[in-house]
Amino acid sequence: MKGEPILTTPLPGGRRHERPRRRSRTRKLVASVALLGAAASIAGLGTFATFTSTTSANHTVASGTVTIALGATGPANRLTVGATALAPGDTIQRNVDLINQGSLDLASVTLTTTASPTSLLDSDATNGLQMVIDKCSVAWTESGPPYTYTCSGSTTSVLATRPVIGATLALSNLGSLTSGATDRLRITLTFPSGAGNTLQNQSSTITYAFTGTQRTGTNK
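Residues numbered from 1 in each chain as written. Predicted model: local features only at pLDDT ≥ 70, side-chain atom pairs only at ≥ 80, totals over all residues. Heavy atoms only, no water.

All right, on to the packing of aromatic side chains then. Per the stated rule, a full pass over the model turns up 1 aromatic pair. Their ring planes at 25° and their centres at 6.4 Å tell us that Tyr147 and Tyr149 sit as a pair that is stacked. Pair check on accessibility: Tyr147 and Tyr149 agree, each one buried. (Phe/Tyr/Trp six-rings, centres within 6.5 Å; stacked < 30°, edge-to-face > 60°. Buried < 20%, exposed > 50% of the residue type's maximum accessible area, 1.4 Å probe, protein only.)

The next subject is the environment of Thr113. Relative to the helices and strands, Thr113 is located in strand S5 (residues 106-115). With relative accessibility at 2%, the residue Thr113 sits in the buried group. Leave out the neighbours within four places in its chain, and Thr113 touches Met131, Val164, Ile165, Gly166, Ile206, Thr207 and Tyr208. Within the structure, Thr113 has its side chain in polar contact with the backbone oxygen of Val164 (distance 2.5 Å). (Helix = DSSP H or I, 4+ residues; strand = E, 2+ residues; numbered from the N terminus. Contact = heavy atoms within 4.5 Å. Polar contact = N/O pair within 3.5 Å; in protein donor to acceptor, adjacent residues only side chain to side chain.)

If you trace the backbone, Gly196 turns up in the loop between strand S11 (182-190) and strand S12 (206-214). The class for Gly196 is partly exposed, based on a relative accessible area of 36%. A C-alpha to C-alpha distance of 8.3 Å links Gly196 and Pro88, two positions 108 residues apart in sequence.

Of note, the bond from Gly144 into Pro145 is cis; its omega dihedral lies within 30 degrees of zero at 15°. Inspection of the secondary structure puts Pro145 in the loop between strand S7 (141-143) and strand S8 (148-150). The omega torsion across Pro145 and Pro146 is -5°, close enough to zero to call that bond cis. Along the chain, Pro146 falls in the loop between S7 and S8. Its identity as a non-glycine residue notwithstanding, Ala85 has a phi of 55°, on the positive side. Although it is not a glycine, Thr168 sits at a positive phi angle of roughly 45°. By the secondary structure assignment, Thr168 is in strand S10 (residues 166-170). Of the residues examined, Thr168 reaches a relative accessible area of 56% and is grouped as exposed.

These values are about where atoms sit, not about what they do.
Right, dumping it as structure tokens:
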């Protein structure tokens, strides 16, 4: 090849055989090192520094509570006081304070009444006990026993007359839907005057269970 050194080797008869000189291994090694250096230099172009900045904030979140309660046994709660020797046409009046002690407002309050033991006094929907609930804008004025109640403020209907036993009965016109508020209720049970002899010597224990449901979700 042009430019390459030629080596000659004597042959019989005085002839010479010419062959190219081998390239130096050192030159090849140097060339390889040069190529590697160039590759490393190109790869280094992808390395660079970045600027950063961090800031933070925090806040506290806490859930509310739904708690409804009845007034303490006594003038604020006479539901624990029973009645005996009922005759057709008799009425039983008992007052109770319904209190929203939770931190949340309520969407509704319902009442479920059950009887155990049970009898015709609660199971006979027509001639058994009938219930009505009212509220007073101020504390009821109590007389007795036997207990009766009058309202010196304004009276509002909470539950219209119906049989004493019922499930999840909706109560209306309650102020205790608001956290911290109290409703002063009067529960009246009436033994219908048309009750016949089959309702003699009957006994029932009525339980009143009030259930409050939280307000709907909103932005906070």
